[in-house]
Amino acid sequence: MIKSSIILFVTCFLLYLPFSREPDYFDSEITPATIIAQHDSVWAIYHELGKDYKFLLNNSYRSQLGQSIELRYELRNPQKAVINKAWGYWFIAKEMGWSFGVFAILLGVAFATTHQPDPSALAEQLAYKKENKGKYQQ
């Protein structure tokens, strides 16, 4: 039960990912951006349709000033961009925590309800004999 539940959960989760990302995976563009420092902040600057856009980065990118990174954005809304990396675009910590937490709780409930059945219910299941019916009888 646990193995099949894990396989089903992982399959559903992987099918859910491409359709739930923002910006949309299928409609988005990927562009290079240059990392710069400005007023004690680290920014990634990219260009779209002749306009410059800025994307605020955390300070861990300060050591990569002048280098290029890939950003993903939608053409209809180019100011909303994300870094095109697996952790941060495909896998979000909060979403992963909730998904695996709910899965663990539901798996625990399923295991608790089926692990030690009542002895009378078990005896009833073992004593059950399927009635032999003909091919066209209901």
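Reading guide: rules and limits
Residues numbered from 1 in each chain as written. Predicted model: local features only at pLDDT ≥ 70, side-chain atom pairs only at ≥ 80, totals over all residues. Heavy atoms only, no water. Helix = DSSP H or I, 4+ residues; strand = E, 2+ residues; numbered from the N terminus. Rg over C-alpha atoms; globule rule 2.2 N^0.38 Å. Buried < 20%, exposed > 50% of the residue type's maximum accessible area, 1.4 Å probe, protein only. Contact = heavy atoms within 4.5 Å. Areas by Shrake-Rupley, 256 points an atom, 1.4 Å probe, with all protein chains shown as cover. Lys, Arg positive; Asp, Glu negative; His and termini not counted. Charge placed at Lys NZ, Arg CZ, Asp CG, Glu CD. Pairing = 2+ DSSP bridges. Axes fitted to C-alpha atoms, helices over the stretch in contact; angles between N-to-C directions. Expected span 1.5 Å × (residues − 1).

1. Considering the overall build of the chain
Okay, so step 1: Helices and strands together make up the secondary structure of the chain, namely four helices and five strands.
Okay, so step 2: Helices (α) and strands (β) of the chain occur, in sequence order from the N terminus, as α-β-β-β-β-β-α-α-α.
Okay, so step 3: The globule rule puts the C-alpha radius of gyration for 138 residues at 14 Å, and the 26 Å found for the chain is more than 25% above it.
Okay, so step 4: Dimensions along the principal axes, computed over C-alpha positions, put the chain at roughly 80 × 35 × 20 Å.
Okay, so step 5: The proportion of buried residues among the 138 residues of the chain is 25%.
Okay, so step 6: Partitioning the intrachain contacts of the chain with sequence separation of at least 6 by distance along the chain shows that 55% fall at a separation of at least 24.
Okay, so step 7: Summed over all atoms, the accessible surface of the chain reaches about 10600 Å², with 60% contributed by carbon and sulfur.
Okay, so step 8: Placing the 14 positive and 13 negative side-chain charges of the chain at their respective mean positions leaves the two points 6 Å apart.

2. A word on the sheet that holds strand β3 (residues 51–57)
Okay, so step 1: On the basis of which strands lie adjacent, the open sheet formed by five strands has the order β3-β2-β1-β4-β5 and antiparallel pairing. Looking along the sheet, the strands with just one partner apiece sit at the ends: β3 and β5 (77–83). The average angle at which neighbouring strand axes cross in this sheet is 40°, direction not considered.
Okay, so step 2: When strand β1 (residues 28–38) meets strand β4 (residues 68–74), the two strands line up antiparallel, connected through seven bridges. Bridge pairing in β4 places Ala 33 opposite Ile 69.

3. Brief notes about the environment of Gly 101
Okay, so step 1: Mapped onto the elements, Gly 101 comes out in helix α3 (residues 93–115).
Okay, so step 2: For Gly 101, a relative accessible area of 29% gives the class partly exposed.
Okay, so step 3: Distance in space between the C-alpha atoms of Gly 101 and His 39 is 40 Å, their sequence separation being 62 residues.

4. Details of the environment of Thr 31
Okay, so step 1: With respect to the helices, strands and loops of the structure, Thr 31 is situated in strand β1.
Okay, so step 2: Judged by its relative accessible area of 11%, Thr 31 is buried.
Okay, so step 3: On a C-alpha basis, the gap between Thr 31 and Tyr 73 in space is 8.1 Å, while along the polypeptide they are 42 residues apart.
Okay, so step 4: Not counting chain neighbours up to four residues away, the residues in contact with Thr 31 comprise Tyr 46, His 47, Ile 69, Glu 70, Leu 71 and Tyr 73.

5. Things to note about α3
Okay, so step 1: With 23 residues, α3 extends 32 Å between its outermost C-alpha atoms, agreeing within 8% with the 33 Å of an ideal straight helix rising 1.5 Å per residue.
Okay, so step 2: Contact partners of the buried residues in α3: α1 (2–20) and α2 (86–90).

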